[in-house]
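Coordinates in review
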Amino acid sequence: MESFHVQFPNLGWEFDINRVAIALGSFKVYWYGLIIATGLMLAILYAYKTAPRFQLNFSKLMNCVFVGLVTGIIGARLYFCIFKWDYYFTHPIEIFYIHEGGLAIYGGIIGALAGGLVVAKVQKMRFLPILDVVMIGFLIGQGLGRWGNFFNQEAYGTVTNLPWAMMSEGTLNQPVHPCFLYESLWCLLGALLLHLYSKYRQRYAGHIFFMYLVWYGFERMFVEGLRTDSLYLPFPIFGMDIRVSQVLSFAIFVTGIVILIINRHKEEPFYADYRRQKGIGRGKGKSQTADA
């Protein structure tokens, strides 16, 4: 479907939305693509403005980002297909049908980080500062990108009677959890909080990355449990079908907490010194030159 009649019945809201933003003859530009592109541009702008604070050279960082975009798309598609292998084993050519959908966010993150790591290694860059700035960019992109799910009327949750329940032809006219909204608000709030923390409180390289693991892992554990389109492990655990993203979210949540606890006394001079030089904090130590 190209259009939907969306309702929030308990709020008395209803309106029509169209998946197509621009149509020139048979050529169509979808809101989903525009929103994703906007999120990417804002993430890049954020990296441009903050790279020095993370000891990074912006040009080298962009090399990592652009390679990461390609490997991220590949990773997102492979992750999705692996957990639906019963189908794709008999329809292998459809693995390449990315235009039909079927991208998984965790696969995208893993693929992007893998590609970015290789480029960072080649350029002799420290990887943890890259992760710090990129994860805030991820939250910006995820926060905006989920509104693409709204225009497609996808990635929604189970039936609910909550005041903000949403319904449309895409939800089979049943009132459901607007999971896109939950994740969008959580990610945008996370981007703001981690930005402020990195500006005023960050103490070492990787600090923001480990906080991202805790922040996003916590939210995704719960929201994934509401989704109706989850990928499942190919085998049951204790007789139960387990969602892949919930297992992974729990793992990164716990990993983030453990590493933050281990590093609770760690401090690198650069961060406090940078804040002191810019008049946004106090600290000791001599400044270190940003990666050139």
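What comes next concerns the included structure. (Residues numbered from 1 in each chain as written. Predicted model: local features only at pLDDT ≥ 70, side-chain atom pairs only at ≥ 80, totals over all residues. Heavy atoms only, no water.)

So, on to the overall build of the chain. A tally of regular secondary structure across the chain gives nine helices and four strands. Secondary structure elements of the chain, listed N to C terminal, follow the sequence β-β-β-β-α-α-α-α-α-α-α-α-α. Along the first, second and third principal axes, the C-alpha atoms of the chain reach 60 × 45 × 45 Å. Of the contacts formed within the chain by residues at least 6 apart in sequence, a portion of 66% connects residues at least 24 apart. Accessible surface, the chain as shown: approximately 15700 Å² in total, 68% of it carbon and sulfur. The averaged location of the 18 negative side-chain charges in the chain is 18 Å from the averaged location of its 25 positive side-chain charges. (Helix = DSSP H or I, 4+ residues; strand = E, 2+ residues; numbered from the N terminus. Contact = heavy atoms within 4.5 Å. Areas by Shrake-Rupley, 256 points an atom, 1.4 Å probe, with all protein chains shown as cover. Lys, Arg positive; Asp, Glu negative; His and termini not counted. Charge placed at Lys NZ, Arg CZ, Asp CG, Glu CD.)

Here four bridges tie strand β3 (residues 20-24) to strand β4 (residues 27-30), and the two strands are oriented antiparallel to one another. Bridge pairing in β4 places Val20 opposite Tyr30. The turn linking β3 back onto β4 is made up of two residues, and Gly25 within it adopts a positive phi angle of 65°. (Pairing = 2+ DSSP bridges.)

The next thing to look at is the pairing of strand β1 (residues 3-8). Taking every second residue as pointing to the same face, the buried face of β1 carries Phe4, Val6 and Phe8, while none of Ser3, His5 and Gln7 on the other face is buried. Pairing of β1 with strand β2 (residues 13-18), which is carried by six bridges, proceeds in the antiparallel orientation. The residue bridging Val6 from the neighbouring strand is Phe15, located in β2. Here β1 folds back onto β2 in antiparallel fashion, the turn holding four residues, of which Gly12 has a positive phi close to 80°. (Buried < 20%, exposed > 50% of the residue type's maximum accessible area, 1.4 Å probe, protein only.)

What follows is about the environment of Lys121. On the secondary structure map, Lys121 appears in helix α4 (residues 105-122). Measuring from C-alpha to C-alpha, the distance between Lys121 and Cys64 comes to 9.7 Å, with 57 residues separating the pair along the chain.

The next thing to look at is unusual backbone geometry. Unlike most non-glycine residues, Gln55 shows phi in positive territory, near 60°. In this fold, Gln55 is placed in the loop between α1 (31-50) and α2 (58-82). One non-glycine residue, Phe238, lies in positive phi territory at about 55°. Following the sequence through the fold, Phe238 ends up in the loop between α7 (207-224) and α8 (244-262). On the accessibility criterion, Phe238 (81% relative accessible area) is exposed.

Core analysis: the largest hydrophobic core is formed by 43 residues, its most contacted members being Phe54, Leu56, Leu61, Ile130, Val133, Ile136 and Tyr212. Looking at this core, the elements with two or more residues in it are α1, α2, α4, α5 (127-152), α6 (179-200), α7 and α8. The contacts of Ile130, once residues within four sequence positions are left out, are Leu56, Leu61, Cys64, Ala120 and Met125. Among the nonpolar cores identified, the runner-up in size contains eleven residues, and Val6, Phe8, Ile35 and Phe150 belong to it. (Core = buried A, V, L, I, M, F, W, Y, C linked by side-chain atoms within 4.5 Å.)

Counting through the fold element by element, Asn18 comes out in strand β2. Residue classification places Asn18 among the partly exposed residues on the basis of a relative accessible area of 34%. Between the alpha carbons of Asn18 and His5 there is a distance of 9.0 Å; along the sequence they are 13 residues apart. From its side chain, Asn18 meets the backbone nitrogen of Val20 in a polar contact 2.8 Å long. (Polar contact = N/O pair within 3.5 Å; in protein donor to acceptor, adjacent residues only side chain to side chain.)

Position of Pro178 relative to the elements: it lies in the loop between α5 and α6. Taking relative accessible area as the criterion, Pro178 reaches 0% and is therefore assigned buried. Along the backbone, Pro178 and Gln123 are 55 residues apart, and their C-alpha atoms lie at a distance of 42 Å. Residues in contact with Pro178, not counting those within four places in the same chain, are Trp164 and Met166.

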